[in-house]
Amino acid sequence: MSNLSVPLPKAFDAKVKDGKVYVESPKVMCVYSAESAYMTYEFLSLIESYVFDYNVGVTISFENLEYFSAAASLLIFATVSKCQIGVKDHSKIEVLFPKNDAVLKLMASSGLKLALKQGGIAKVRKLIDSNNQYLSGSEVSIENYQKVLTATLLNLDKHGVNFSNTKSQIFVKGMQEAILNVKYHAYNDEFIRDFLLTKQVKSKFSFHEETGRGRWWQCCWHDVSNNKLIFIIYDDGEGIVNSIKRYYRNSPEHSDKLNLPDSTLLGNAMKLGVSRTGIKERGKGSADIINTACTFPSSHLIVMSGLGHYRHDSAGINTTQLPFEIKGTLVQWVINYVEENQDDI
Amino acid sequence: MIYDLRDFSKAPFGRYKSDGEFSGEAFREILANKLKYSQEHNEPLIIKLDNVYGLGSSFLEESFGGLVRKGLFTKEELLESSPRLLQIETEFDFYAIEIESYIREAQS
């Protein structure tokens, strides 16, 4: 094992230790600031590469972690659980938790610690039964939309997020369309076929076939001090931007659009009625995703895909280029639920 | 006739049957049968929407817009007959507006 031919970047204190590759997380894991986003993403990509490209066991240390953001925590859950699901021997993936008491406490109280503990698909599915804040679903009936939605609503209720009937409907509408987007954009048949043709079957996507297609990861993050609910959905598939690029590449009349920046492509994709399929009745879901944030006062929506960053709030729409490329798509709603309660009185 | 969507599913989801058991496409089949019965008996079909968690646009478009797109009913039959064949019962006005717009926009 010590002769393993794997990259061992010093930035993550990577070394071969106790028969596995040992890697140390950055002290700050966050995707909102350019500074930490790059290291966060590099770290998570490295873990995935060890497991799926090099087929080696990994000890993932968060012992020196001092801060993690909501979106980063979901990416951590997605990456670690994906690796855990992807290996047959669960002992190949070991997680060391933070030494910092406050960080560990946050990890435990948010449900992330439970979500990262050793185990495979059975562990991930058990998170649904316990209405955890961190959940993963797929098209398989025991972890499908209906199961995950119920667990999500029970979790929100447990944390005192009491939406009015109208706003509960709007929230579920947005969540539903975001999950449907995972199926349509992330793991469409063309993408899976092309991926499996060009990569080894041992690739990270083979586990999607084995444990459930259309997998997504989500978390409800309760920012109690600011009275905000942060609800995030992530998939590691093709992503909205790459899915649109694929459509443009196959449609000569759109070839000029391939030169547009990802932020523009993402902004266009979020417009009502725009669908890569070109089918008239499709492309309605983006309105639901937008309305979920924009119906609530002091709330906003962020979508990240490829190099594109899209933000929609009461002030309007802002699209920018990310300094790093995000695989798949991340949709984040930040909802001020205190104003919601006041509205209901 | 009254049909509560809850009897189809508390959590309808998706557009096509390939999206899951409780998709718009699956609901449209039930809807079409009930509409046909109501039409034959010259009575409205009242769909109650409020006892489900939430309804995505994809589900609604495929269920209701699909009735016209698939040539099962005309817009006029659904919305302009007397008594009006398809009636939506909901406290959430946006659902009724959305459904009507999908039917009117749909092309057979």
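Numbers given for residues are sequential positions, taken from 1 along each chain in its written order. Whichever chain is written first becomes A and whichever ligand is written first becomes 1, with later ones labelled in order. For this predicted model, a pLDDT threshold of at least 70 governs which residues receive local features, and a threshold of 80 or more governs which side-chain atom pairs are given and counted, while totals over whole chains, interfaces and linings are taken from all residues.

Trainee: Which residues make up the sheet that holds strand β11 (residues 316-336) of chain A, and what values do they have?
Mentor: Residue and element names in this part refer to chain A. Across the sheet, which stays open at both edges, the five strands sit in the order β7-β8-β9-β11-β10 with antiparallel pairing between neighbours. Strand pairing shows two members of the sheet lacking a second neighbour, β7 (134-137) and β10 (300-313), which therefore form its edges. Across the sheet, the mean angle separating the axes of adjacent strands is 20° when strand polarity is ignored. Once C-beta atoms are placed from the backbone, any two residues with those atoms within 7 Å are in contact. Axis lines are fitted through C-alpha atoms, for helices just across the contact stretch, and the angle between N-to-C directions can take any value from 0 to 180 degrees. Helix and strand assignments follow DSSP, with helices taken as H or I runs no shorter than four residues and strands as E runs no shorter than two, numbered in order from the N terminus. Sheet strands in contact with helix α6 (residues 145-158) are β7 and β8 (216-223), and its direction is about 165° off that of β7. For two strands to count as paired, DSSP must find a minimum of two bridges between them.

Trainee: A description of the domain arrangement of chain A should follow, citing residues and the corresponding values.
Mentor: Residues and elements named next belong to chain A. Note that the domain bounds reflect an automated or database-derived domain assignment. Once the domains are mapped, chain A shows domain 1 (1-119) and domain 2 (130-345). Taken together, the contact between domain 1 and domain 2 spans 22 residues of the former and 19 residues of the latter. Secondary-structure elements contributing two or more residues to the side of domain 1 that touches domain 2 are α1 (34-53), α2 (70-86) and α4 (112-116). Residues are grouped as follows: Ala, Val, Leu, Ile, Met, Phe, Trp, Tyr, Cys and Pro are nonpolar; Asp, Glu, Lys and Arg are charged; every other residue, Gly included, is polar. Residue composition of the side of domain 1 that touches domain 2, by class: 15 nonpolar, five polar and two charged.

Trainee: Which residues make up the sheet that holds strand β1 (residues 2-4) of chain B, and what values go with them?
Mentor: All names here are of chain B. An order of β1-β2-β3 is seen for the three strands of this open sheet, with the pairing classed as parallel. In this open sheet, the two edge strands, each paired with only one partner strand, are β1 and β3 (86-89). For this sheet, the mean angle separating the axes of adjacent strands, direction not counted, is 25°. Where strand β2 (residues 45-48) and β3 come together, four bridges link them in parallel fashion. Opposite L45, over in β3, you have L86 as the bridge partner.

Trainee: Break down unusual backbone geometry for me, citing the residues and quoting the values.
Mentor: Residues and elements named next belong to chain B. Note the cis peptide between S82 and P83, where omega equals 0°. In this structure, P83 sits in the loop between α3 (75-80) and β3. Within the chain, N42 stands out as a residue other than glycine whose phi angle is a positive 50°. Mapped onto the elements of the fold, N42 is located in the loop between α1 (24-40) and β2.

Trainee: Explain the nonpolar core to me, and be specific about the residues and the numbers.
Mentor: Residue and element names in this part refer to chain A. Note on terminology: a nonpolar core is a set of buried residues of type Ala, Val, Leu, Ile, Met, Phe, Trp, Tyr or Cys, with members joined through C-beta atoms within 7 Å. Three exposure classes are used, all based on how many other C-beta atoms lie within 10 Å of a residue's own C-beta (placed from the backbone): buried at 20 or more, exposed at 12 or fewer, and partly exposed between those limits. Counting residues in each nonpolar core, the largest one holds 122 residues, and the members touching the most others are I47, L74, L75, F77, I232 and Y234. Looking at this core, the element that brings in the most residues is α2, giving 11 residues. Counting the residues that make up this core, at least three belong to each of domain 1 (1-119) and domain 2 (130-345). When neighbours within four sequence positions are excluded, I232 is seen to be in contact with A70, A71, L74, Q218, C219, L330, V331 and Q332.

Trainee: An account of the interface of chain A and chain B is requested, with residue identities and associated values reported.
Mentor: Quite often, the size of an interface is put as the accessible area lost when its parts meet. In this assembly, 18 residues from chain A lie in contact with 15 residues from chain B. Of all elements in the fold, only α6, α7 (165-186) and α12 (285-294) of chain A reach the threshold of two or more residues within the side of chain A that touches chain B. Per-element tally for the side of chain A that touches chain B: the top contributor is α7 of chain A, with eight residues. The class makeup of the residues in the side of chain A that touches chain B is six nonpolar, six polar and six charged.

Trainee: I'd like to hear about the pairing of strand β9 (residues 228-235) of chain A, residue by residue, with values.
Mentor: All names here are of chain A. The element β9 is largely enclosed, with a buried count of eight among its eight residues. What you see with β9 is no split at all: K228, I230, I232 and Y234 on one side and L229, F231, I233 and D235 on the other are buried throughout. In textbook terms, the turn of a hairpin is the stretch between consecutive antiparallel strands, and for β8 and β9 this stretch comprises four residues, one of which, N227, has a positive phi near 55°. Here eight bridges tie β9 to β11, and the two strands are oriented antiparallel to one another. Bridging across to β11, D235 finds its partner in T329.

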